[in-house]
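The primary structure of each chain is shown beneath.
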Amino acid sequence: MSEELELFRDNIRRFIESEILPKYETWEKDTIFPRDLWNTLGDQGLLAVDIPEAYGGFGTDFRYSVTVVEEFYRANCISVGASMAVHSDVVSHYILNSGTEEQKQRYLPGMVTGECVGAIAMTEPGAGSDLQAIRTTAVRDGNEYVINGSKTFISNGQHCDVIVVAARTNTKVRGAKGTTLFLVDADTAGFKRGRKLEKIGLHSSDTSEMFFEDLRVPTSAVLGEVDRGFAVLMRELSRERLLLAAGGVAAAEGVLAETIAYVKDRKAFGRAIADFQNTKFKLAEVATDIRVNRAFVEECKDRLMRGELDAASASMAKCSATEMQNRVADSCLQLFGGYGFMREYPISRAYVDARAQRIYGGANEIMRELISRSLLD
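Keep in mind the model is a prediction, meaning the values are calculated, not measured. (Residues numbered from 1 in each chain as written. Predicted model: local features only at pLDDT ≥ 70, side-chain atom pairs only at ≥ 80, totals over all residues. Heavy atoms only, no water.)

1. A few points about the overall build of the protein
When its secondary structure is counted, the protein shows 11 helices and 10 strands. A globule of 377 residues ought to have a C-alpha radius of gyration of about 21 Å, and the protein, at 21 Å, matches this closely. Evaluated residue by residue, the protein yields a buried proportion of 53% over its 377 residues. Across the protein, every contact between residues at least 6 apart in sequence was considered, and the portion connecting residues at least 24 apart equals 75%. When the accessible area of the protein is evaluated, it comes to approximately 17,100 Å², of which 51% is carbon and sulfur surface. When the 46 positive and 54 negative side-chain charges of the protein are each reduced to one mean point, those points stand 5 Å apart. (Helix = DSSP H or I, 4+ residues; strand = E, 2+ residues; numbered from the N terminus. Rg over C-alpha atoms; globule rule 2.2 N^0.38 Å. Buried < 20%, exposed > 50% of the residue type's maximum accessible area, 1.4 Å probe, protein only. Contact = heavy atoms within 4.5 Å. Areas by Shrake-Rupley, 256 points an atom, 1.4 Å probe, with all protein chains shown as cover. Lys, Arg positive; Asp, Glu negative; His and termini not counted. Charge placed at Lys NZ, Arg CZ, Asp CG, Glu CD.)

Below, the structure written as structure tokens:
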């Protein structure tokens, strides 16, 4: 299996080298990658790879799915990698693990091919990491639910064909007990895509506002159980946070490799930058930081595969690895000097793109709160 996985990894790297990197800067300047890239990714077998064969997938395990994320992050293509992760590792698994057979058959085959792009609409203007504070409502009306509300910071918002929407179905109880998830098709009357949001990094990723105005869905659109949506969210978050951690480590590994090549070639005061003690010590610190986090992430991968990964450990991995990713990007940019501040050097993109990793998937401050509860409760 190890040899097979490495062959898969090599294929991803070749694909990124030939099909992604030559166009990536254009997409960054356009502030969105093209919709047909999803179909190309599907044709290459890079979407939802661990979905069972019964629903059009390849039936692989988590190691293959996380490898896709890692290689896009390692190649400094986080805008595409993060969008793919939302589609392949979040939305598709919500449907796989909580959907009805009809929902799985309807959506999953298209998600594997890229014909159906998934998004998840949780965050609201007044409710970021605090999902219990959402205000979007879904009111039952006969055999339908009427959804009203708005969402923001939604990845794949412009490209999506199906959205997992979190809404309050019981406003008389706390959000954790009265939230329901719905599968909403993007062509449903009452759904409106808002503006594509401008960000300091991840420029070619598709991040949007969404609006729901008297949008009607049948009761069959409920994903999971009514008023039990928060439980579904909690079950899936460990996987999502581990993916962010794995991506953060891979991104740092890519940045380090790029920096080593640069300091060997770049000269200052008649010597290669790599010859200065400060450079050597800084690279040693960075490499050690990466390796420690890599070891913990690999442990968490093994535990996830065995069904033993707890929420606190996933939060530790996400918090530690993404903080490390930012430290590495900052330290390595410094070794580039003024050139590190120039957009023509990829290290500048790695630096700004790393920043979001400490926010999405649950801000790292929330991760620390969850970790502390596991220690004190």
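2. A look at the pairing of strand 4 (residues 162-168)
Most of strand 4 sits out of view: seven of its seven residues are buried. Here strand 4 shows no split at all, with Val 162, Val 164, Ala 166 and Arg 168 on one side and Ile 163, Val 165 and Ala 167 on the other all buried. Where strand 1 (residues 118-121) and strand 4 come together, four bridges link them in parallel fashion. If you follow Ile 120 over to strand 4, its bridge partner there is Val 164. Of the pairings in the sheet, the one linking strand 4 to strand 5 (residues 179-185) comprises seven bridges and is antiparallel in character. Directly across from Ala 166, in strand 5, lies its bridge partner Leu 181. (Pairing = 2+ DSSP bridges.)

3. Comments concerning the nonpolar core
Nonpolar side chains in soluble globular proteins tend to end up buried together. Judged by nonpolar contacts, the single largest core of 40 residues is most densely connected at Tyr 73, Val 263, Ile 290 and Val 328. The set of elements that each furnish at least two residues to this core consists of helix 3 (62-74), helix 4 (78-98), helix 7 (229-265), helix 8 (277-305), helix 9 (311-335) and helix 10 (346-355). Looking at this core element by element, the count peaks at 13 residues for helix 7. When sequence neighbours within four positions are dropped, the list of residues in contact with Val 328 reads Ala 252, Val 255, Val 286 and Ile 290. In this structure, Tyr 55, Val 162, Leu 183 and Leu 223 belong to the second largest nonpolar core, which totals 28 residues. (Core = buried A, V, L, I, M, F, W, Y, C linked by side-chain atoms within 4.5 Å.)

4. Overview of the pattern of salt bridges
A pair can form between side chains of opposite charge whenever their charged atoms are brought close. Scanning the model with the defined rule gives 31 salt bridges in all. Between Arg 327 and Asp 289 there is a salt bridge, and its shortest N-O distance comes to 2.9 Å. Residue Arg 327 is found in helix 9, and its partner Asp 289 is found in helix 8; the two are separated by 38 residues along the sequence. A relative accessible area of 40% places Arg 327 in the partly exposed class. (Salt bridge = Lys/Arg side-chain N within 4 Å of Asp/Glu carboxyl O.)

5. Remarks on unusual backbone geometry
Even without being glycine, Thr 31 reaches a positive phi, approximately 60°. Along the chain, Thr 31 turns up in the loop between helix 1 (2-30) and helix 2 (36-43). A residue is classified by how much of its surface remains accessible, and Thr 31, at 29% relative accessible area, is partly exposed.

6. Re the packing of aromatic side chains
This structure, assessed with the given rule, holds 10 aromatic pairs. Ring geometry for Phe 33 versus Trp 38: centroids 5.9 Å apart, planes at 55°, classification tilted. Judged by its relative accessible area of 0%, Trp 38 falls in the buried class. Pairwise contacts between aromatic rings join Tyr 24, Trp 27, Phe 33 and Trp 38 into one cluster. A cation over an aromatic ring shows up here: Arg 271 above the ring of Phe 276, its NZ or CZ 4.3 Å from the ring centre. (Phe/Tyr/Trp six-rings, centres within 6.5 Å; stacked < 30°, edge-to-face > 60°. Lys NZ or Arg CZ within 6 Å of the ring centre and 35° of its normal.)

7. Digging into helix 10
Of all the positions in helix 10, only Ile 347, Ser 348, Arg 349, Ala 350, Asp 353 and Ala 354 are classed as buried. Residues of helix 10 that are buried in the fold lie against helix 1, helix 4, helix 7 and helix 9.

8. Details of helix 4
The end-to-end C-alpha distance of helix 4, which contains 21 residues, comes to 28 Å, matching closely the 30 Å that a straight helix rising 1.5 Å per residue would cover. Largest kink in helix 4: about 30°, centred on Ser 92. Of all 21 residues making up helix 4, 20 are buried, and the element is well covered by its neighbours. (Expected span 1.5 Å × (residues − 1). Bend = angle between axes of the 7 residues up to and from the residue.)

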